[in-house]
Amino acid sequence: MGHPYDWRVAPAGLERRYETFTNLKTKIEELYNREKLPVVLIAHSMGNRLIQYLLTWMYTYNPDWVSKYIERYIAISPPWIGAPQAIYRLSDSDILLPAGKLQVALKGMKDVLQSFSSMPWLLPLQNEVGRYEYFNTEFFGYYAEVDSPNLDDYLPITVEETLEKAQAEDTTLVYQTIYYRDDLYITRRNSYIGSALIKCPPVNKLDVIYSTGFDTPVGAYYHFTDDKKLQIATKWGSPEVPEPFPHNTDLVIKQGIILETPKTEQKIQAEFPDHDPISNSGDSVVPYGSLAYFKKWKNLEPYRYIEGHQFSGDQNLNHNAIVSHPDVITKIIELLSKEDAED
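What comes next concerns the included structure. Since we're looking at a predicted model, the values are computed, not measured. Within each chain, residues carry numbers counting from 1 in the order of the written sequence. Note on the predicted model: pLDDT of at least 70 is required for a residue's local features to be given, and 80 or more for side-chain atom pairs to be given and counted; whole-chain, interface and lining totals, by contrast, use all residues. Excluding hydrogens and water, the side-chain figures rest on all heavy atoms present in the structure.

### Quick look at the overall build of the protein
- To qualify as a helix, a DSSP run of H or I must reach at least 4 residues; to qualify as a strand, a run of E must reach at least 2; elements of each kind are numbered from the N terminus. Along the backbone of the protein there are eleven helices and 13 strands.
- By the compact-globule yardstick of 20 Å for 343 residues, the protein fits well, its C-alpha radius of gyration being 20 Å.
- Considering only C-alpha atoms, the protein reaches an extent of 65 × 45 × 40 Å along its principal axes.
- Residue exposure (1.4 Å probe, protein chains only): buried if accessible area is under 20% of the type maximum, exposed if over 50%, otherwise partly exposed. Per-residue burial for the protein yields a buried fraction of 52% across its 343 residues.
- In this tally, Lys and Arg are treated as positive and Asp and Glu as negative; His is ignored, and so are the chain termini. One atom stands in for each charge, and that atom is NZ of Lys, CZ of Arg, CG of Asp or CD of Glu. Within the protein, one finds 33 positive and 47 negative side-chain charges whose respective centroids are separated by 4 Å. Based on C-alpha atoms, the radius of gyration is set beside the globule rule, defined as 2.2 Å times the residue count to the power 0.38.

This is how it looks when you write it as structure tokens:
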């Protein structure tokens, strides 16, 4: 049973405008009552934010509801701690989309994307002490007033500064305050925005399906154009000959985008003494550290069922294509038919 939603709208707006979470709760209860079995939730990409919100909302009011009605949650390509790509999507740069062997440029998308109150849902999240973890870069943006010929002239800027330069003061930054800062299902009291999202979803069983091994954005270089539009400095690094990223040699720059690659050593592994360091990258949209953040939850709660299912080695397994890949569909069917031996 599918549950479409208006992905342009912030969670509180979804409930106020469409009663999205009330209707989803009702659907789950009706399905449970009809089949006499708890429900399996499956979500892809940003849909995982919707499921996180629903589970936190219900658990807050009635913890027994989740254990009664939800059998397991299968998260596909989840941006657990966000996706830095969302930041530069809000700038004036064209959005390049693949079209066979070519690319199509979507122009003038900034105003459209900034009008979506859902965009802050995808921004990178800080940890409990206000730091960004596991993105392998301290900053997500580097900026020069003009298109400088010297890479060293580009200075680090914060996420908020980037959005201000992208003229998002009256859109994205306002939505962040109205819909995310004071929503206790997203942000814990007296904490950083999104602090509730970095907690493990309150389910008995969590399966995470994700793909790795793709060049994946973790930041960008920016400059102003003559008409004061913030654009990506695309001259830095070509797809064929990337520019080394001066602040972390494990990252590269292609057409102004800072990317992790399959050779990037992942910091999230360093926390686990029984795991050797690994080099890997994300799924072309969500960085590895965000996809694999469930490993931190699993390490903190070793007796809880939290399992990852990693796919790699196939270009048809990127962030968008993974849901239709036959190997992934087979894995989902396997999980749906799995005996509860771990109970």
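### Quick notes on helix 11 (residues 326-336)
- Along helix 11, the positions that sit buried rather than exposed are Val-328, Lys-331, Ile-332 and Leu-335. Each buried residue of helix 11 lies within a common arc of 100 degrees when the element is viewed along its axis, so the set occupies one face. Set apart from the buried face of helix 11 by more than 90 degrees, the exposed residues are Pro-326 and Ile-333.
- It only takes one pair of heavy atoms within 4.5 Å for two residues to be counted as in contact. Looking at the buried residues of helix 11, the elements they touch are strand 1 (39-44), strand 2 (70-76), strand 7 (205-211) and strand 13 (305-311). Throughout, the arc means the angular range of directions from the helix axis out to the C-beta atoms.

### Observations concerning a negative patch on the surface
- A cluster of acidic residues, Glu-160, Glu-161, Glu-164, Glu-169 and Asp-170, forms a negative patch at the surface.
- Take Asp-170: it is sitting in the loop between helix 7 (159-165) and helix 8 (172-181). Patch definition: residues with relative accessible area over 30% and no salt bridge; like charges joined within 9 Å; nonpolar side chains (Val, Leu, Ile, Met, Phe, Trp, Tyr) joined within 5 Å. Accessible surface area values rest on a Shrake-Rupley calculation with a 1.4 Å probe, where residue burial reflects the displayed protein chains alone. Note on definitions: salt bridges are taken to be side-chain nitrogens of Lys or Arg within 4 Å of carboxyl oxygens of Asp or Glu.

### Overview of the sheet that holds strand 13
- Read from one edge of the open sheet, four strands run 1-2-7-13, paired in parallel fashion. The open sheet has two edge strands, strand 1 and strand 13, and neither has a second partner. Each strand axis lies, on average, 15 degrees off the axis of its neighbour in the sheet, ignoring direction.
- Of the pairings in the sheet, the one linking strand 2 to strand 7 comprises four bridges and is parallel in character. Each bridged residue has a counterpart across the sheet, and for Ala-75 the counterpart in strand 7 is Val-208.
- Each axis is a line fitted through C-alpha atoms, taken for helices only over the stretch in contact, and angles between the N-to-C directions span 0 to 180 degrees. Against the sheet, helix 3 (residues 47-61) engages strand 1 and strand 2, with an angle of about 140 degrees to strand 1. Here, strands pair whenever DSSP counts at least two bridges between them.

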